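# Survey of secondary and tertiary structure
So the chains spell out like this:
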Amino acid sequence: AQSVTQLDSQVPVFEEAPVELRCNYSSSVSVYLFWYVQYPNQGLQLLLKYLSGSTLVKGINGFEAEFNKSQTSFHLRKPSVHISDTAEYFCAVSGGGANNLFFGTGTRLTVIP
Amino acid sequence: GAGVSQSPSNKVTEKGKDVELRCDPISGHTALYWYRQSLGQGLEFLIYFQGNSAPDKSGLPSDRFSAERTGGSVSTLTIQRTQQEDSAVYLCASSFSRGPQETQYFGPGTRLLVL
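These notes cover the structure that comes with them. Just so you know, these numbers come straight off a predicted model, no measurement behind them. (Residues numbered from 1 in each chain as written. Chains lettered and ligands numbered in written order. Predicted model: local features only at pLDDT ≥ 70, side-chain atom pairs only at ≥ 80, totals over all residues. Heavy atoms only, no water.)

### Describing the overall build of chain A
Secondary structure summary: chain A contains 0 helices and 12 strands in total. If you list the helices and strands of chain A from N to C, you get β-β-β-β-β-β-β-β-β-β-β-β. For 113 residues, the compact-globule estimate of 2.2 N^0.38 gives 13 Å, and the C-alpha radius of gyration of chain A, at 13 Å, lies within 12% of that figure. If you line up chain A on its principal axes, its C-alpha atoms span 45 × 30 × 20 Å. The burial tally for chain A puts 47% of its 113 residues in the buried class. Counted over contacts in chain A with a minimum sequence separation of 6, partners at least 24 positions apart contribute 56%. In the structure as shown, chain A presents an accessible area of about 5,400 Å², 50% of it carried by carbon and sulfur atoms. The positive charge centre, built from 7 side chains, and the negative charge centre, built from 8, are 8 Å apart in chain A. (Helix = DSSP H or I, 4+ residues; strand = E, 2+ residues; numbered from the N terminus. Rg over C-alpha atoms; globule rule 2.2 N^0.38 Å. Buried < 20%, exposed > 50% of the residue type's maximum accessible area, 1.4 Å probe, protein only. Contact = heavy atoms within 4.5 Å. Areas by Shrake-Rupley, 256 points an atom, 1.4 Å probe, with all protein chains shown as cover. Lys, Arg positive; Asp, Glu negative; His and termini not counted. Charge placed at Lys NZ, Arg CZ, Asp CG, Glu CD.)

What follows is the structure, encoded as structure tokens:
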């Protein structure tokens, strides 16, 4: 079975500083990896996903993530954050016989002016 | 185009009552999912529909929960004899086709409060 761990429940960062949100997954088979963002009082929106091929994936709003199979990680990064990036970020995995997504517990990113 | 819509946006009910939550997926999407987002459990999968195939009900927490999808489009999630622990945001998602690699598009959710 798949599982996802997001070790950081909250990450405060100053505006224009870089940020990394960590995600580790556990699976015995090949999986697909996703990052979703949830702005206050809104639904989930896809930031990016890794299916295969290049391990560096670029998404919307300047975010990118790197798939590392040996470390079973899929960390999300942005070189310079903006106030509007304040939101909750969820890492998720699917595959291995399951079509549904398995989510991590989320990381609340707060950008400080 | 229009995204996934859900109704009602908020629902307050008394313990023991039944509730129905509705989801309208994106037109043309064959796969539909229900998830629940709660403080104690995070985001968890409930049920998955794909076309005319039998649904995957493996995530339903108890037999008080059921869902149907009529005509391969609109879906209704029903919770019978609601309990306080059912309080959560219920999210619906749809995707263009089957397969774990497909992007799921989420609706805004229905916030359920059981008093």
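### Observations regarding the overall build of chain B
Each helix and strand in chain B was counted, giving 0 helices and 10 strands. Secondary structure elements of chain B occur, N-terminal to C-terminal, as β-β-β-β-β-β-β-β-β-β. Compactness check: chain B gives a C-alpha radius of gyration of 13 Å against a globular reference of 13 Å for 115 residues, within 12% of the reference. On the principal axes, the C-alpha backbone points of chain B span a range of 40 × 30 × 25 Å.

### Re the state of the cysteines
Applying the stated rule across the entire model yields 2 disulfides over all chains. For A:C23, the disulfide goes to A:C91, at an S-S distance of 1.9 Å. Between A:C23 and A:C91 the sulfur-sulfur dihedral comes to about -65°; the bridge is accordingly left-handed. Of this pair, A:C23 sits in the loop between β3 (19-21) and β4 (24-26) while A:C91 sits in strand β10 (residues 87-95), and the two are 68 residues apart along the sequence. We note that A:C23, like A:C91, is buried. The residue that forms a disulfide with B:C23 is B:C92, at a sulfur-sulfur distance of 1.8 Å. Linking B:C23 and B:C92, the disulfide has an S-S dihedral of approximately -65° and is accordingly described as left-handed. (Disulfide = S-S within 2.5 Å.)

### Side note on the pairing of strand β5 (residues 31-38) of chain A
Consecutive side chains along a regular strand alternate between the two faces of the sheet. Residue and element names in this part refer to chain A. For β5, a buried count of 7 out of 8 residues is recorded, marking the element as mostly surrounded by other parts of the structure. Sheet analysis places β5 next to β10, joined by 8 bridges and oriented antiparallel. The residue of β10 that forms the bridge with Y32 is S94. Examined bridge by bridge, β5 and strand β6 (residues 44-50) share 6 bridges and lie antiparallel to one another. Paired with F34 across the bridge in β6 is K49. Linking two consecutive strands that pair antiparallel, namely β5 and β6, is a turn of 5 residues; a positive phi of about 60° is found at N41 within it. (Pairing = 2+ DSSP bridges.)

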